[in-house]
Amino acid sequence: AQSVTQLDSQVPVFEEAPVELRCNYSSSVSVYLFWYVQYPNQGLQLLLKYLSGSTLVKGINGFEAEFNKSQTSFHLRKPSVHISDTAEYFCAVMTNAGKSTFGDGTTLTVKP
Amino acid sequence: DTAVSQTPKYLVTQMGNDKSIKCEQNLGHDTMYWYKQDSKKFLKIMFSYNNKELIINETVPNRFSPKSPDKAHLNLHINSLELGDSAVYFCASSQIIGGGAQETQYFGPGTRLLVL
């Protein structure tokens, strides 16, 4: 079984400040790791993913995440956020069998 | 061109009714999914189909029945709708790559179901 824990349900930050959204996971099998963003009243959009290789992955909109196997974490970071980054962010894991498990989401609110 | 499309976008209906939500993907993917997102935005997988065959079926009431007429379509039929079925339902698709790994899921825009 897999589980995903997003450690912060809400993260308020000021514009141009750095942000980190934390994600820990547990799994008895190898998994692939994803971050998705959901803007208000829209579907989910992939930000970035880790399948293998370099543990630091870069995604769209200036986001990056680092896979840490020993800590079973996949935290999402951005050095300088914009108002337009205000959205719901989901961390997810997926097994080879196609089973995906999502975290409960983190609401990022960027204030001017 | 929309990669994953769902119809209808909004669905308001009475308790006890039967309704269907349609999903189509034009990405050539071989795997499709249905997710339910509740009012607290928790996202949970319901079903997954690979090449028209059911591969994942979470603990979903049997009032929910997915149907995949072909690889590009995965429809969701719901019988005897209940108040608790009110949620946003997302369809998604992905492609199996080498070694059985699943690639990125592409999500549809969602269907907002309200049961009165």
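See the structure shown above.
Residues numbered from 1 in each chain as written. Chains lettered and ligands numbered in written order. Predicted model: local features only at pLDDT ≥ 70, side-chain atom pairs only at ≥ 80, totals over all residues. Heavy atoms only, no water.

Chemist: Tell me what's going on with the interface of chain B and chain A, and back it up with residues and numbers.
Modeler: Counting residues at the interface gives 23 residues for chain B and 22 residues for chain A. Taken together, the two surfaces of chain B and chain A that pack against each other cover about 1,800 Å², and 55% of this comes from carbon and sulfur. Our enumeration of links across chain B and chain A arrives at 0 salt bridges. Tallying contributions element by element places strand β4 (residues 31–37) of chain B first for the side of chain B that touches chain A, with 3 residues. Its residues placed into classes, the side of chain B that touches chain A shows 12 nonpolar, 7 polar and 4 charged. (Contact = heavy atoms within 4.5 Å. Buried area = accessible area lost by both parts, 1.4 Å probe. Salt bridge = Lys/Arg side-chain N within 4 Å of Asp/Glu carboxyl O. Helix = DSSP H or I, 4+ residues; strand = E, 2+ residues; numbered from the N terminus. Nonpolar A, V, L, I, M, F, W, Y, C, P; charged D, E, K, R; others polar.)

Chemist: Which residues make up the nonpolar core, and what values do they have?
Modeler: Of all hydrophobic cores here, the largest spans 28 residues; its most connected members are L33, W35, L47, L48, F74, L76 and Y89 of chain A. Core analysis: the next-biggest nonpolar cluster, separate from the first, contains 20 residues, M32, Y49, V60 and L81 of chain B among them. (Core = buried A, V, L, I, M, F, W, Y, C linked by side-chain atoms within 4.5 Å. Buried < 20%, exposed > 50% of the residue type's maximum accessible area, 1.4 Å probe, protein only.)

Chemist: Give a detailed account of the side chain of R63 of chain B, specifying residues and quantitative values.
Modeler: All names here are of chain B. Relative to the helices and strands, R63 resides in the loop between β6 (53–57) and β7 (64–70). Classification of R63 by relative accessible area gives buried; the value is 13%. A polar atom in the side chain of R63 sits 2.8 Å from the side chain of D85. If near-sequence neighbours (up to four positions away) are discounted, R63 is found in contact with H77, I78, N79, S80, L81, E82 and D85. (Polar contact = N/O pair within 3.5 Å; in protein donor to acceptor, adjacent residues only side chain to side chain.)

Chemist: Account for the environment of L7 of chain A, with residues named and values stated.
Modeler: Residue and element names in this part refer to chain A. Position of L7 among the secondary structure elements: in the loop between β1 (2–6) and β2 (10–14). Residue classification places L7 among the partly exposed residues on the basis of a relative accessible area of 38%. For the pair L7 and D104, spaced 97 residues apart in sequence, the C-alpha separation works out to 9.3 Å. Once you skip the residues sitting within four places of it in the chain, L7 turns out to touch R22 and N24.

Chemist: Summarise empty space enclosed by the protein; cite the residues concerned and give the values.
Modeler: All names here are of chain B. Overall, the coordinates contain 1 cavity of 30 Å³ or more when judged by the stated rule. There is about 40 Å³ of room inside the largest cavity. As for the largest cavity, its lining consists of D30, T31, M32, Y49, N50, N51, K52, S68, K71 and H73. Going through the elements one at a time, β4 and β5 (43–50) are the ones with two or more residues in the lining of the largest cavity. (1 Å grid on protein atoms, 1.4 Å probe; cavity = no way out; pocket = protein on both sides within 12 Å on 5 of 7 lines; lining within 4 Å. Points joined across faces, edges and corners; volume = space filled by probe spheres on them.)

Chemist: Account for the sheet that holds β7 of chain B, naming residues and giving values.
Modeler: Neighbouring strands of a sheet are bound in pairs by backbone hydrogen bonds; such pairs are parallel or else antiparallel. Residues and elements named next belong to chain B. Strand order in the open sheet made by the 4 strands is β1-β3-β8-β7, with antiparallel pairing throughout. With partners counted over all chains shown, the strands left at the sheet margins are β1 (4–7) and β7, one partner each. When the angles between neighbouring strand axes are averaged without regard to direction, this sheet yields 20°. Here 4 bridges tie strand β3 (residues 19–25) to strand β8 (residues 73–78), and the two strands are oriented antiparallel to one another. Along β8, the bridge assignment pairs E24 with H73. (Pairing = 2+ DSSP bridges. Axes fitted to C-alpha atoms, helices over the stretch in contact; angles between N-to-C directions.)

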